[in-house]
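Observations on chain architecture
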Amino acid sequence: MKIEKVWTLCFSATGNTDRVVTLLGKELAAALGAPLEQITFTRPGEREQVYTFTETDLIVVGSPTYAGKLPNKILPDFREKLRGNGALAVAAVTFGNRAYDNSLAELCAVLEDDGFHTVAAGAFVGRHAFTDELAYGRPGWSDEFEMKYFVKQVADKVKSLTDIPTPVLVPGDSEAPYYIPKGTDGQPAKFLKAKPRTNLSKCTNCGACARLCPMGAIDPKDVSSVPGTCIKCQRCIRKCTKGAKYFDDEAFLSHVKMLETNFMDPKENEVFL
């Protein structure tokens, strides 16, 4: 099957998913001899328009795993703003060394419903958004080596296609409920209403956190105020060059400690063709 253009599209709050999807996209474009076009899907304005593709396109779509599935506040945009029209798709999710649970199954199901034909899929380990203690430095060089080998397999499969491929089979249940975060006591950690705090002695009021927030939740006139919905993506914390943003919610911090205690052993990437 001849691919005329390779695309990438991802939601990536802290940058890990973007790194993975960009590498996959660049390598696929080179392997298939096709131009590459990249779409960012992270900030609110980037998710306003509808993106339409054709049967001569191949698109790598990526998302981080939030509580074992796709981010629930971003999921409607994945469902409503993408039109496959028979394009091939590679689904990619990242996870912070706990588990990807049902996120890859959900992304594949969404893409098939959007009119794409999933030809391959993968779940890749990246530094956890909540803490540097989990998968720090990943994806690293060995992860990239694995991704490049995966791309070779995908490219070979695409080149050999003579008909519409059957949907790629991945583990998980796209209809399963979200993972319930737990604290150090083993009980559910309830921090849905937690929001980032601001150390005013460090903050320069540059407004970067408000501009970059995927939910537009931070007041640009007073960045210490978060009147909108916070999805705990940590983008404001990871992007603040002054280290002025932080979480102090006890349930949230207990969950982070639980993760650091129980999920230190390195997890493996998993791919499916």
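Above this text is the structure in question.
Just so it is clear, the model here is predicted, and its values are computed rather than measured.

Rules used throughout
Residues numbered from 1 in each chain as written. Predicted model: local features only at pLDDT ≥ 70, side-chain atom pairs only at ≥ 80, totals over all residues. Heavy atoms only, no water. Pairing = 2+ DSSP bridges. Helix = DSSP H or I, 4+ residues; strand = E, 2+ residues; numbered from the N terminus. Axes fitted to C-alpha atoms, helices over the stretch in contact; angles between N-to-C directions. Contact = heavy atoms within 4.5 Å. Phe/Tyr/Trp six-rings, centres within 6.5 Å; stacked < 30°, edge-to-face > 60°. Lys NZ or Arg CZ within 6 Å of the ring centre and 35° of its normal. Salt bridge = Lys/Arg side-chain N within 4 Å of Asp/Glu carboxyl O. Buried < 20%, exposed > 50% of the residue type's maximum accessible area, 1.4 Å probe, protein only. Core = buried A, V, L, I, M, F, W, Y, C linked by side-chain atoms within 4.5 Å.

1. A closer look at the sheet that holds strand β1 (residues 5-10)
Spatially, 6 strands are ordered β2-β1-β4-β6-β7-β10 in an open sheet, and the strand pairing comes out mixed. Strands at the two margins of the open sheet, each flanked by one partner only, are β2 (36-40) and β10 (270-272). Taken over all neighbouring pairs, the strand axes of this sheet differ in orientation by 15° on average, direction set aside. Bridge count for β1 against strand β4 (residues 57-64) is 6 bridges, and the pairing is parallel. The partner of L9 across the bridge, within β4, is V61. On the sheet, helix α3 (residues 103-113) packs against β4, β6 (88-95), β7 (117-125) and β10 and is oriented at approximately 155° with respect to β6.

2. A word on the environment of P167
If you trace the backbone, P167 turns up in the loop between α4 (141-160) and β8 (197-198). Along the sequence, P167 and A210 sit 43 residues apart, while their C-alpha atoms lie 39 Å from each other. Contact partners of P167, with chain neighbours within four places excluded, come to E112 and T118.

3. Structural notes on the packing of aromatic side chains
Summed over all chains, the structure comprises 9 aromatic pairs. An angle of 45° between the planes, with centres 5.3 Å apart, marks the rings of F41 and F78 as tilted. Taken together, the residues span a long stretch of sequence, with F41 in the loop between β2 and β3 (51-52) and F78 in helix α2 (residues 75-80) at a distance of 37 residues. Among the aromatic residues, those joined into a ring-pair cluster are F130, F191, F247 and F252. Directly above the aromatic system of Y178 lies the positively charged group of K69, at a separation of 5.3 Å from the ring centroid.

4. A closer look at the pattern of salt bridges
According to the stated counting rule, one finds 11 salt bridges in the structure shown. The shortest N-O distance in the salt bridge between E37 and K5 comes to 3.0 Å. With E37 in strand β2 and K5 in strand β1, this pair connects stretches of sequence that are 32 residues apart. Taking relative accessible area as the criterion, E37 reaches 33% and is therefore assigned partly exposed. With a shortest N-O distance of 2.8 Å, R238 and D132 are connected by a salt bridge. In this pair, R238 sits in helix α6 (residues 235-239) while D132 sits in the loop between β7 and α4, placing the two residues 106 residues apart along the sequence. Connected through salt bridges with shared partners, the residues R47, D77 and K81 form a single ionic network.

5. Some thoughts on the pairing of β4
The buried count for β4 comes to 8 of 8 residues, which makes it a mostly enclosed element. Burial along β4 is two-sided: the face carrying D57, I59, V61 and S63 and the face carrying L58, V60, G62 and P64 are both buried. Note: β4 against β6, 7 bridges, orientation parallel. Residue pairing in the sheet places V60 in a bridge with V90 of β6.

6. A short note on the nonpolar core
In terms of nonpolar packing, the biggest core is built from 38 residues, with L9, F78 and L104 touching the most fellow members. Residue assignment for this core shows that the elements contributing at least two residues are β1, β4, α2, β6, α3 and β7. The element best represented in this core is α3, accounting for 6 residues. With residues up to four places along the chain from it excluded, the contact list for L9 reads V21, I39, F41, Y51, I59, V60, V61, G62, F78 and L82. Judged by nonpolar contacts, the second largest core, of 26 residues, contains A29, V60, A92 and V158.

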